[in-house]
Structures are given as C-alpha cells and as structure tokens.
Amino acid sequence: MIVNKIVRVRIAPSPTGDAHVGHARTALYDYLFAKQRGGTFVLRIDDTDTARNTATSEEGVYRGLRWLGLEWDEGPDKGGAYGPYRQSERLDIYGHYVNELLASGKAYECYCTAAELEAERQAQIEAKDHPRYSGKCCNLTAEDKGHLQAEGRVPTVRLKVISGIVGFTDLVRGWIEADTSLMGDFIILKSSGIPVYNFATVIDDHLMEMTHVTRGAEHIANTFNQLLTYKALGWTAPHFAHFSIMLNEDRSKMSKRKGATFLGQYAEMGYLPEAMLNFLAFLGWSPGGTEEEIYTLEQLQKLFSLERCTVSNAVFDIKKLDWINAKWIRILSPEDLASRLVPFLRKADLLGEDVDMEFLTQVTRLIQERLPRLDEAATACTTFLREPAVPVDELRQLLGDNDAQVCISAVIDSLESVDWDEAEIEQAIRRIQEQLGWSTKVYYMFLRLAVMGSKVSPPLFSSMAVLGKEKVLSRMQRTAASLY
Ligand code: GLU
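Rules of the game
- Residues numbered from 1 in each chain as written.
- Predicted model: local features only at pLDDT ≥ 70, side-chain atom pairs only at ≥ 80, totals over all residues.
- Heavy atoms only, no water.
- Helix = DSSP H or I, 4+ residues; strand = E, 2+ residues; numbered from the N terminus.
- Rg over C-alpha atoms; globule rule 2.2 N^0.38 Å.
- Buried < 20%, exposed > 50% of the residue type's maximum accessible area, 1.4 Å probe, protein only.
- Areas by Shrake-Rupley, 256 points an atom, 1.4 Å probe, with all protein chains shown as cover.
- Lys, Arg positive; Asp, Glu negative; His and termini not counted.
- Charge placed at Lys NZ, Arg CZ, Asp CG, Glu CD.
- Patch = residues over 30% accessible without salt bridge, like charges linked within 9 Å, V, L, I, M, F, W, Y side chains within 5 Å.
- Salt bridge = Lys/Arg side-chain N within 4 Å of Asp/Glu carboxyl O.
- Pairing = 2+ DSSP bridges.
- Axes fitted to C-alpha atoms, helices over the stretch in contact; angles between N-to-C directions.
- 1 Å grid on protein atoms, 1.4 Å probe; cavity = no way out; pocket = protein on both sides within 12 Å on 5 of 7 lines; lining within 4 Å.
- Points joined across faces, edges and corners; volume = space filled by probe spheres on them.
- Expected span 1.5 Å × (residues − 1).
- Right-handed = clockwise from strand over helix to strand, strands pointing away.
- Near = heavy atom within 4 Å.
- Polar contact = N/O pair within 3.5 Å; in protein donor to acceptor, adjacent residues only side chain to side chain.
- Nonpolar A, V, L, I, M, F, W, Y, C, P; charged D, E, K, R; others polar.
- Parallel < 35°, antiparallel > 145°, perpendicular 65-115°, else oblique.
- Contact = heavy atoms within 4.5 Å.

Asker: When you look at the overall build of the protein chain in this model, what are you seeing that I'm missing?
Answerer: When helices and strands are tallied, the protein chain shows 20 helices and eleven strands. Relative to the 2.2 N^0.38 estimate, which gives 23 Å for 484 residues, the radius of gyration of the protein chain is 32 Å and therefore markedly larger than a compact globule would have. In terms of principal-axis extent, the alpha carbons of the protein chain reach across some 105 × 50 × 40 Å. Taking all 484 residues of the protein chain together, the buried fraction comes to 49%. Just so you have it, the protein chain exposes about 22600 Å², and 50% of that area is on carbon and sulfur atoms. The protein chain carries 54 positive and 66 negative side-chain charges, and their two centres are separated by 4 Å.

Encoded structure:
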C-alpha cells in the first residue's frame, strides 16, 4: 500500500495564532511516519489568508513544534530544494497553473458578484435544489467579459467540475467517495488574485513531491476538490490519510476561540512537552495489544502506524493529560525537573536571577512525587524559598493546653547538637515527643506548622533536612516569639 518512493509528508498550518493542538497532533503523526521510513518532514506555512496571518504567529508555530521536539527537515526558516515554503511567496507559481487551466478550457473566469451568487443560492434552496454554482459564466464570450469588466467587476476563476464519482482510498478510513454533480464549479482563484486553500495546496503538495497528505478529518470534504484539481492538471494525487476529529470534553468541536487550544498555553500551564506528545499520540491512535500508555518520542517512532489510527472522534480529555503529565514529572531526573521549574518559580517571584540549583534540586526531590504540573511547584516550593508567615491562630487552636514554649525549647536544644541528616533529625524529634508526652497528632502538626508554616507539606523530616539547621531553628524561635 505504501509506495516505494521516499516518504515526504508536510504539516501546513495557517499561522493565524500559535501552534494549534490539532496541527501538533498531525505534525507528530507526520513526524513519526516520516522518521520511521527515513523520510522527510516538511513545514509549509499556508499564509494566503493575509488578513489573519501574522509573523508572530508563524514564530508561534515554530516555537510550539520545537517545544515538542518535532523538528522539520525543510521549511521557511530552513530552506530546502522545494522552496519557498511560505504560500504567500508562491503566488506566481499558482498564477502559472491558473493560466494553464484557463488556456486549456478546464477553468473559466466568473464575474458573478457575491450578491448574485447569494440570490442564486436562495433560489435553489427555495426550489429544493442542492445549492451550487450554476455555471452561468462558463461560456462567456470575450465581448461579454469586456462588458462585465467595464462595470468594474473583477473575476474569480472557477474549475469546471466534471460530473461523476470521485474517490480515494484513505489510509486510515478506506475508500471514500463523493458525487461531484452536487458540487458545482468551484473557485480556485479569488478576485484578489489569491488562490483558495484547495488550489494552493494541490500545487504545493505536487511540486513539493508529497507522497502522503495527512491531516484532520475536517479536510475530507476538501479532498474531493483537490482530487478534481489534480485531475484537471493531469497530475497523480498523493496518498491521503485523515485523522480523527478532535473534540472538547463537552464534545463540542475544538476551536481556536474555545478553551486552551494552543501549545503555548499548555506550556505556560506547566505541562511537559514529553507529556503533551504522549497525550497527542493517543488522540487518534493506539498501539494495541498493551496497556502501556507512557512512551517517548523514540518509542512512538517504532510503534506508530497509520493502520492503527482511529476513525472515531478523539476527545481532548484534560484529566488524561494531567495523569500523563504527573507520570512524566516523576520520570524526569530531579536535576532536569528542577531546571524546568526555574521559570515557573521566577514567575511567582520565588527565585531571582541567581539560583542555587543544588538546593532547588533537593527541594524538587521532595515535591516531585506529588506534583501534577510545573506551575503548581510555586505553591509546593514556597515554604522552602520564602519564610512563611507564622500561622498563629492555627497554632493556638491546635495547642490547647500544651505548652508550646516548653516544646520548642526542648526541640531546639536537641536539634542544635544534631548532625544535620534526616535520620538524626527524626531520632531527636521522636525522643522529645516521648519526653513531653504530647499526642503524636498534636506534636507533629505543631512542628509542621512551626517549621513549614502550613499543615500540608512534604514529609517533615526530609523537609527539615533540606531547609537546613539554621532556617529550621530560626523558624521555631520565631514561632515561639509569635505565640507569647
Ligand atoms: N492550512 C490547512 C490547515 O491549517 C492545511 C490543511 C492541510 O493539511 O491540507 O488546516
């Protein structure tokens, strides 16, 4: 089924925002498919929709794909033998093929205005006919055109659609076909001289020698227009594969206006690129025959296959992403995780320019096990990086008749002579509890509040070991002072 030619696939985002998660999934599948066959992964920027394109969003696409580690082999910023890779720089090329189709009579100029087309559509709907262009301008003479131009009308160009069945074998879905008699001749070049997506894409996919065109299933309907265009130009179409539609959790269509749909947003929320990749891999594919869900990019590269891509809609289940993210956070080495936490802790004003990475790594070890996302590290780390306020009310409530002063003096005395090590700290602290006879619950909660400033914290002894003797003792003294 797969041709012998070297595989060439492309991701072709329209840069109307940052890198969209839908494009990211296609990019991942493209990347895996190309790399496992020693093929080429191309990045093309579909920027003919000039009103909505911005240079910054092109940068956003680069940043997003690179964040995931999906480096392309050819693209606008990299060059390659098939450039330019920005559609806005290929307008002459499209013009050439539009002229070729006009000259061969396979396309024609259409002078209908938007209002005329709308009126035609309404009339067809009223007559219970399938709305489509009537072909009114198909046989205009040079004289007719002259008159229409004199009225100030600027033509679009339409491709003549031959009635019949057009179809293709989708590598994910099998045979798909459509009846073109319901289509009407469609526009390939707008009156602005800019080609429509369906036309530009065919020209580029052909000239860039794409062997496989892969994308979301929302493009299946476009594929028929594209097949007709390949045919009109006398070209062989590439293989097509359409991946499952991505839906929000409420099963609404994922749109750029709804929820977090850009990679940059997920990066900011503290998701790891490894987790995002892993999650996206399963949004429309599964390896089968295993329950394992945690994979690296390299492992996915070995396992991925178009045959195992799913047809049914894929729901973007954020809880699943959270689960995968937490797993990945635990897989990272504490050193690696600590360095990834730095920007999040800086953002929360918990770190300055100079960072004691050794200390931060020790703190990271303590919080790693229960950290769901990088942005949550700020809350988990605060007590290690900033002196907490003494929770006087909570302490008073907890203490009841127990004498905090006596306890703190005893603990301080004992800790002062301890070699600062977790086991030694634990021994000293347990000994004092026996001496004082406080209930275990009150005693440990008291110490936790006194040292960590909160009832919730990583394990007390290891936290104390990481904080250091000086800080632990001074926090205890401060607590004692605040209570009297
Ligand atoms: N520019 C199109 C998009 O952003 C590309 C679709 C395709 O892959 O053909 O969805």
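Asker: Is there a simple way to explain a negative patch on the surface in this structure?
Answerer: Side chains of D419, D421, E422 and E424 sit close together on the surface and give a patch of like negative charge. With respect to the helices and strands, the residue E424 is situated in helix 17 (residues 422–436). E424 gets classed as partly exposed once you look at its relative accessible area, which sits at 36%.

Asker: How should I be thinking about the sheet that holds strand 4 (residues 156–159) in this particular structure?
Answerer: Strand pairing within a sheet occurs via backbone hydrogen bonds; the two strands may be parallel or antiparallel. Within the open sheet, the three strands sit side by side as 3-4-7. Their pairing is antiparallel. Among the strands making up the open sheet, the edge pair consists of strand 3 (107–110) and strand 7 (186–189). For this sheet, the mean inter-axis angle between neighbouring strands, taken without regard to orientation, is 45°. Relative to strand 4, strand 3 is paired through four bridges, and the arrangement is antiparallel. Each residue of the ladder has a partner; that of Y108, found in strand 4, is R158.

Asker: Even after reading the chapter, I still don't get empty space enclosed by the protein, so can you show me in this structure?
Answerer: Here the idea is plain: a probe the size of a water molecule rolls over the atoms and shows the empty space left. Per the stated rule, a full pass over the model turns up one cavity of 30 Å³ or more. Put simply, the largest cavity is a space of about 30 Å³. Every residue along the wall of the largest cavity is listed here: I11, P13, D18, A19, H20, H23, V61 and L65.

Asker: Please explain helix 4 (residues 114–126) as it appears in this structure.
Answerer: Given 3.6 residues per helical turn, the α-helix brings residues three or four places apart onto the same face. Relative to the 18 Å expected for 13 residues at 1.5 Å per residue, helix 4 spans 18 Å between its end C-alpha atoms, a close match to the ideal helical length. Looking one or two places after helix 4, you find K128, whose phi comes out positive at around 55°.

Asker: So what exactly am I meant to see when it comes to the layout of surface pockets here?
Answerer: Counted as a void, the second largest pocket has a volume near 280 Å³. Lining the second largest pocket we find 15 residues, and of these I367, R370, A380, S457 and P458 sit closest to its centre. Among the secondary structure elements, those contributing two or more residues to the lining of the second largest pocket are helix 13 (357–367) and helix 14 (377–385). Here the lining of the second largest pocket takes four residues from helix 14, the largest share from any one element.

Asker: Could you clarify how one ought to interpret the pairing of strand 9 (residues 239–243) in this entry?
Answerer: Regular strands place side chains that alternate from one sheet face to the opposite one. Within strand 9, four of the five residues are buried, leaving the element largely enclosed by the surrounding structure. Pairing of strand 8 (residues 212–216) with strand 9 involves five bridges; the strand directions are parallel. Looking at strand 9, one finds that G216 is bridged to F243. Handedness of the strand 8-helix 7 (residues 220–233)-strand 9 crossover: right-handed.

Asker: So what exactly am I meant to see when it comes to the site of the ligand here?
Answerer: In the region of the ligand, the neighbouring residues are R10, A12, P13, S14, H23, D46, Y197, R215 and H219. In this structure, a nitrogen atom belonging to the ligand sits 2.8 Å away from a main-chain N or O atom of A12. Here an oxygen atom of the ligand sits 2.9 Å away from a polar atom, N or O, in the side chain of R215. When the free accessible area of the ligand is taken as 300 Å², the share hidden by the protein chains comes to 87%. Classifying every residue of the shell around the ligand by side-chain character gives three nonpolar, three polar and three charged.

Asker: What is the right way to read the packing of helix 1 (residues 21–35) against helix 9 (residues 273–281) from this model?
Answerer: Running from amino to carboxyl end, helix 1 crosses helix 9 at an angle of 80°, the nearest separation of the two axes being 9 Å. In terms of orientation, helix 1 lies roughly perpendicular with respect to helix 9. On helix 9, the residues that touch V21, A24, R25, L28 and Y29 of helix 1 are M276, L277, L280 and A281.

Asker: Can you help me understand the pattern of salt bridges in this one?
Answerer: Note that side chains of opposite charge can pair when their charged atoms are close. Considering all chains together, one arrives at 27 salt bridges under this definition. A salt bridge links D77 to R66, with the shortest nitrogen-to-oxygen separation between them at 2.8 Å. Here D77 is found in the loop between helix 2 (55–68) and helix 3 (91–103), whereas its partner R66 is found in helix 2, with eleven residues between them in sequence. Taking the relative accessible area as the measure of exposure, D77 reaches 36% and is therefore partly exposed. Between R340 and E274 there is a salt bridge, with the nearest N and O atoms lying 2.7 Å from each other. Of this pair, R340 sits in helix 12 (residues 334–347) while E274 sits in helix 9; the two residues are 66 residues apart in sequence, bridging distant segments of the chain.

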